[in-house]
Amino acid sequence: METQKWIDEGYNIIIEFAPKLLAAILIWVVGLWTIRLLLKGIKKAMNKANYDESLKKFLSNLLNWTFKIVLVVIVLGTVGIETASFAAVIAAAGLAIGLALQGSLGNFAGGVLIMIFKPFKIGDFIQAQGESGTVKEIEIFTTKLTTPDNKEVILPNGSLSNGNIINFSTEEMRRVDITFGVGYDSDIKQTKDVILSVIEKHPLILKEPLPAIHVSELADSSINFFTRVWAKTPDYWAVKFDMIEQTKEALDAAGIDIPYPHSVEIQKQG
């Protein structure tokens, strides 16, 4: 009699929970299939938007685990397990982790923004957060620069994405600004002609936009000529240094006085 009672109870439990269990299994199978379809579509969209590879992998993994956690909660609720407390535990854990990792989460968000909006790419020369260098790596939390003197600078993406960024590599051309000072006894037209001759002979200086040479200042000991020329971005430094050297030699050869010690003043450039 006791055995029959247990059998009956077991039978009743099976009858009661079998539909829920079958429904949960069905939801789990359909859910996994749906998640795969969603992730496939999201990956295609990210590829089409040309997202960074590291960002694509990170977002795919994050979305995959998020979808599966939601699916587990739905399956547990279908079986009849109370999920309110389970969801509350997840929310509390998420809040605690968020508070503990505020700085890291800010850097992560900054990295996502940088990879999505692409204010710079690997190989660009940028100036940001008081540092200048060529972008070596863009990671999810930090960006690495290589300075002109071959130092590695690691910038947190949070502050980098919230600050000003100067990208010197975005445009095809850059303007080279240099100021030359000559003595007050020098002929203005002759000085302009000498500087212009140096510009016209240089193979890397572009013909368009036109170069400009103007008297910019009557300083204490010199007449300053503000010179503007244009060059392709990769040729910027070569043009700048050549202009300084070759103009000095040309002015000396023409007998034009260059006051010491302010013979050449270079305006600040990135």
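First, a word on scope: everything that follows refers to the structure included in this document. Predicted model only: the values in this text are computed from it and were never measured. (Residues numbered from 1 in each chain as written. Predicted model: local features only at pLDDT ≥ 70, side-chain atom pairs only at ≥ 80, totals over all residues. Heavy atoms only, no water.)

### Some remarks on helix α6 (residues 188–201)
And step 1. Here α6 spans 20 Å end to end across 14 residues, near enough to the 20 Å set by a 1.5 Å rise per residue.
And step 2. Taken together, the buried residues of α6 touch β6 (173–182), β7 (212–218), β8 (223–232) and α7 (236–253). (Helix = DSSP H or I, 4+ residues; strand = E, 2+ residues; numbered from the N terminus. Expected span 1.5 Å × (residues − 1). Contact = heavy atoms within 4.5 Å.)

### Regarding a nonpolar patch on the surface
And step 1. Together, L21, L22, I25, W28, V29 and V72 make up an exposed nonpolar region whose accessible area comes to about 550 Å².
And step 2. The biggest single contributor to the nonpolar patch is helix α1 (residues 2–48), with 5 residues.
And step 3. With respect to the secondary-structure elements, V29 resides in helix α1. (Patch = residues over 30% accessible without salt bridge, like charges linked within 9 Å, V, L, I, M, F, W, Y side chains within 5 Å. Areas by Shrake-Rupley, 256 points an atom, 1.4 Å probe, with all protein chains shown as cover. Salt bridge = Lys/Arg side-chain N within 4 Å of Asp/Glu carboxyl O.)

### Some details on the pairing of strand β2 (residues 131–138)
And step 1. Direction of pairing for strand β1 (residues 125–128) relative to β2: antiparallel, over a ladder of 4 bridges. Looking across to β2, one finds that Q127 is bridged to S132.
And step 2. Between β2 and strand β3 (residues 142–146), which pair antiparallel and follow one another directly, the connecting turn spans 3 residues. (Pairing = 2+ DSSP bridges.)

### Focus on the packing of α6 against α7
And step 1. At a minimum axis separation of 9 Å, α6 and α7 run at an interaxial angle of 135°. If you check the angle between α6 and α7, you find them oblique. Seen from above, α6 lies across α7 with right-handed handedness. Residues T191, V194, I195, V198 and I199 of α6 form the contact with α7, whose participating residues are M243, Q246, T247, A250 and L251. (Axes fitted to C-alpha atoms, helices over the stretch in contact; angles between N-to-C directions. Parallel < 35°, antiparallel > 145°, perpendicular 65-115°, else oblique. Left-handed = near helix turned anticlockwise from the far one by under 90°.)

Coordinates in, geometry out; function isn't part of it.
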